[in-house]
Amino acid sequence: MHNECMATLTVRNLSDDILAELKKLAQRNGRSLEDMVRRLLAEVVVDHLSACELIEASWQRQSRTPSVAEVNAWLRESRP
């Protein structure tokens, strides 16, 4: 653990169905709900950053800057 001050996040308007699925997922993985959500968020952020790095590398190889629509398409394609 880090000795740094950690942030707190409150999620409002989460559907009961999503909460129930998160609880099931946490239980199946032997984790607390809080730990499971923390791990899922970290995984999504890392995946997003990896996709951004790939996009930036692709930009450097292109003769023109991609459009916003192209960037959005690349991000969609990089998601499972």
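Above this note sits the structure.
The notes below deal with the structure included here. (Residues numbered from 1 in each chain as written. Predicted model: local features only at pLDDT ≥ 70, side-chain atom pairs only at ≥ 80, totals over all residues. Heavy atoms only, no water.)

**Thoughts on the overall build of the protein**
Reasoning step 1: Of the regular secondary structure elements, the protein holds three helices and zero strands.
Reasoning step 2: Counted from the first residue to the last, the protein has its helices and strands arranged as α-α-α.
Reasoning step 3: Taken over C-alpha atoms, the radius of gyration comes to 17 Å for the protein, far larger than the 12 Å a tight globule of 80 residues would show.
Reasoning step 4: Accessible surface, the protein as shown: approximately 7200 Å² in total, 54% of it carbon and sulfur. (Helix = DSSP H or I, 4+ residues; strand = E, 2+ residues; numbered from the N terminus. Rg over C-alpha atoms; globule rule 2.2 N^0.38 Å. Areas by Shrake-Rupley, 256 points an atom, 1.4 Å probe, with all protein chains shown as cover.)

**Re a nonpolar patch on the surface**
Reasoning step 1: On the surface, Leu9, Val11, Leu14, Ile18 and Leu41 cluster together into a nonpolar patch covering about 470 Å² of accessible area.
Reasoning step 2: Checked against the element boundaries, Leu14 lands in the segment before α1 (16-28).
Reasoning step 3: We classify Leu14 as partly exposed; its relative accessible area is 37%. (Patch = residues over 30% accessible without salt bridge, like charges linked within 9 Å, V, L, I, M, F, W, Y side chains within 5 Å. Salt bridge = Lys/Arg side-chain N within 4 Å of Asp/Glu carboxyl O. Buried < 20%, exposed > 50% of the residue type's maximum accessible area, 1.4 Å probe, protein only.)

**Points about helix α2 (residues 33-61)**
Reasoning step 1: Its 29 residues place the ends of α2 42 Å apart at the C-alpha level, agreeing with the 42 Å of an ideal helix rising 1.5 Å per residue.
Reasoning step 2: Of the residues making up α2, those classed as buried are Asp35, Met36, Ala51, Ile55 and Ser58.
Reasoning step 3: Turning to α2, the residues buried within the fold contact α1 and α3 (68-78). (Expected span 1.5 Å × (residues − 1). Contact = heavy atoms within 4.5 Å.)

**Here's the deal with the pattern of salt bridges**
Opposite charge on two side chains makes pairing possible when the charged atoms of those side chains draw close.
Reasoning step 1: Throughout the structure, instances matching the rule amount to five salt bridges.
Reasoning step 2: The partner of Lys24 in a salt bridge is Glu21, with the nearest N and O atoms 3.2 Å apart. Taken together, the residues Lys24 and Glu21, both in helix α1 and three residues apart, mark about one turn of the helix.
Reasoning step 3: The exposure class assigned to Glu21 is partly exposed, which follows from its relative accessible area of 42%.
Reasoning step 4: One salt bridge in this structure joins Glu34 and Arg38, with 3.1 Å as the shortest N-O distance. Taken together, the residues Glu34 and Arg38, both in helix α2 and four residues apart, mark about one turn of the helix.
Reasoning step 5: A residue is classified by how much of its surface remains accessible, and Glu34, at 57% relative accessible area, is exposed.
Reasoning step 6: Relative accessible area serves as the criterion here: at 43%, Arg38 is assigned to the partly exposed category.

**Thoughts on the packing of α2 against α3**
Two numbers describe a pair of packed helices, the interaxial angle and the distance between the axes.
Reasoning step 1: Where α2 contacts α3, the axes come no closer than 10 Å and their chain directions differ by 135°. Considering their axes alone, α2 and α3 lie oblique with respect to each other. For α2 against α3, the interelement crossing comes out right-handed. Between α2 and α3, the contacting residues are His48, Ala51, Ile55, Ser58 and Trp59 on the first element and Val71, Trp74, Leu75 and Ser78 on the second.
Reasoning step 2: Counted by class, the contact of α2 with α3 contains six nonpolar, three polar and no charged residues. (Axes fitted to C-alpha atoms, helices over the stretch in contact; angles between N-to-C directions. Parallel < 35°, antiparallel > 145°, perpendicular 65-115°, else oblique. Left-handed = near helix turned anticlockwise from the far one by under 90°. Nonpolar A, V, L, I, M, F, W, Y, C, P; charged D, E, K, R; others polar.)

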